[in-house]
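Observations on the model geometry
As a plain string of letters, each chain reads:
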Amino acid sequence: MFALVDINGAFVSMEYVFRPGDRNKPGVVLSNGDGCIIAANKLAKNLPGFEMYSPAFQMEEVLKKYNVLRFSPNFELYVDMSRRFIEELKCFTDRVEMYSIDEAFLDMDFLNVDYTEYGHTIRKAILKNLDLPVGIGIAPTKALCKVASKVAKKYINVTNGVFTIDNEKSRIKALKWLKIEDVWGIGRRFAKKLQAMGIKNAYQFTQLPDSWVRSNMTVVGLRLKHELQGISCLSLNEIDDPKKEIGTAKSFGTLLSDYELIKEATSSYVEYCAGKLRRQNSVASAILIHLETNSFRTQDEQYYNRIVVTLPVPTSDTALLIRHACDGLQKIFKPGLKYKRVGVSCIGLFPDSSIQGNLFFETNPKTIKLQKTVDFLNMKYEQGTIRLASSGYNRQHWESKAALRSPRYTTRLNEILNFGEDVLALQFKGKN
DNA sequence: TCTGGGGTCCTAGGACCC
DNA sequence: TCTGGGGTCCTAGGACCC
């Protein structure tokens with residue numbers, strides 16, 4: 001048996017931990033540049049006319065009318081809260097898979113407990129210790145956990161946030177209830193295709209012949225079908241595997257035509273990715289750069305291009321990566337256009353312990369030492385304390401604004417929760 | 001005016017080997 | 001006129017996830 005534990009309205013719930021006075025207000029977290037709604041609490045989701053993932057400007061009326069609280073994304077906070085969430089879960093079983101920033105699978109086998117009851121215990125503990133509401137789905141396969149978790153949330157008054165599928169009757173009932181487009185692993189494309197065939201719910205999907213599923217939806221689809229039938233195909237993955245690619249691509253604050261500014265952004269993204277690369281002890285054998293205009297502005301000339309630059313030798317050295325990334329950028333940059341976004345991605349990653357050398361290119365051991373020193377200083381002080389000049393001094397001209405970002409309460413000493421009304425409210429609730 | 005970002009996995013088809 | 005058979009590796013593109 002597995003359990004899926006996921007945080008309800010995760011990012012908003014995490015924001016509200018530090019704003020207990022606003023607990024009963026609808027709230028949303030916006031994407032980078034305050035563009036789209038990427039998270040909402042239940043109060044917001046239930047508002048008439050509210051649509052998740054829509055651009056904020058289209059929701060302006062609804063957000064204003066109901067005084068919805070808005071937040072710019074604060075990933076530093078979410079990542080730290082997520083870490084605490086996982087730590088908390090490890091108190092209940094040592095077999096935990098962090099599936100995403102707000103979800104984890106637990107192995108419930110070998111636990112001599114009543115599953116549902118245990119689920120409630122976990123739920124209460126997370127609420128008490130982290131102030132985060134979670135839903136829990138328990139079932140013999142991961143895909144069925146996802147189903148159970150949907151039931152748990154939808155019928156919260158009955159389930160109290162925990163639902164278990166442990167017999168054929170509950171499995172079939174739940175699958176018949178779940179719409180095909182809401183099945184984990186069925187995306188927009190296949191949902192449409194299946195609906196056109198008359199497949200409306202998850203149960204009908206499980207009645208399709210294996211051969212059809214295999215040839216139309218690959219082994220991924222077939223695995224899903226079996227999982228929904230109660231045959232476990234996906235095991236618990238406890239090991240935090242190193243990433244196979246590390247990239248970043250962010251929209252600019254305004255549309256840019258100036259090559260130097262785009263180069264500065266590119267350079268700074270590479271610097272960020274290279275840091276992540278080194279932290280997981282990987283090197284990249286190539287770097288991918290892509291550049292694009294704003295496809296929503298149909299009146300503008302559109303352009304999209306990408307280039308893969310192979311490095312002379314696999315590396316995680318910021319300076320080397322930046323140099324090659326900028327070479328690539330130069331090749332795909334077309335003057336006179338209004339650019340929306342540049343992205344870089346380190347690809348072809350493998351452990352830095354097994355670098356294949358290049359007969360014609362020698363790595364200077366000093367650069368490794370230099371890089372380590374830079375990393376150390378940035379860790380000790382603040383990210384960006386030491387950086388390459390090519391990452392520049394004009395951030396304000398390309399970086400998107402995050403005016404509504406809350407303090408990074410748990411990771412920055414100078415942004416720690418202030419002794420103001422919020423704290424008084426916390427004390428009033430008997431917390432400290 | 002304003003429309004996110006960071007990932008993974010699978011497959012077909014091309015290029016190549018002996 | 002007739003032109004093998006058995007493989008591997010790589011990559012772009014499609015599909016999905018949160």
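Residues numbered from 1 in each chain as written. Chains lettered and ligands numbered in written order. Predicted model: local features only at pLDDT ≥ 70, side-chain atom pairs only at ≥ 80, totals over all residues. Heavy atoms only, no water.

With that settled, the discussion passes to the protein's contact with DNA strand C. Around DNA strand C there are 13 residues in total, and Asp102, Lys146, Gly185, Gly187 and Phe190 lie nearest to it. Counting only the atoms of DNA strand C that lie within 4 Å of the protein, the sugar and phosphate share comes to 100%. Side-chain polar atom of Lys146 to a phosphate oxygen of DNA strand C: 2.6 Å apart, as the coordinates give it. Side-chain polar atom of Arg189 to a phosphate oxygen of DNA strand C: 3.1 Å apart, as the coordinates give it. Of all elements in the fold, only strand S5 (96-100) and helix H9 (188-196) reach the threshold of two or more residues within the surface near DNA strand C. At three residues, the largest contribution of residues to the surface near DNA strand C is made by H9. Of the residues belonging to the surface near DNA strand C, the class tally is five nonpolar, three polar and five charged. (Near = heavy atom within 4 Å. Polar contact = N/O pair within 3.5 Å; in protein donor to acceptor, adjacent residues only side chain to side chain. Helix = DSSP H or I, 4+ residues; strand = E, 2+ residues; numbered from the N terminus. Nonpolar A, V, L, I, M, F, W, Y, C, P; charged D, E, K, R; others polar.)

Spatial ordering of the open sheet is given by S5-S6-S1-S7-S8, a layout of five strands whose pairing is mixed. Of all the strands in the sheet, just S5 and strand S8 (162-164) have a single pairing partner and so form its edges. Strand-to-strand twist of the sheet, defined as the mean angle between neighbouring strand axes without regard to direction, takes the value 20°. Bridge analysis of strand S7 (residues 134-139) against S8 gives three bridges, and the strand direction is parallel. In the strand pairing of S8, Ile138 is matched with Thr164. Sheet strands touched by helix H4 (residues 75-89): strand S1 (2-7), S5, strand S6 (103-107) and S7. Its angle to S6, the strand with the most contacts, is close to 15°. Across the face of the sheet, helix H5 (residues 115-130) comes into contact with S6, S7 and S8 while running at roughly 160° to S7. (Pairing = 2+ DSSP bridges. Axes fitted to C-alpha atoms, helices over the stretch in contact; angles between N-to-C directions. Contact = heavy atoms within 4.5 Å.)

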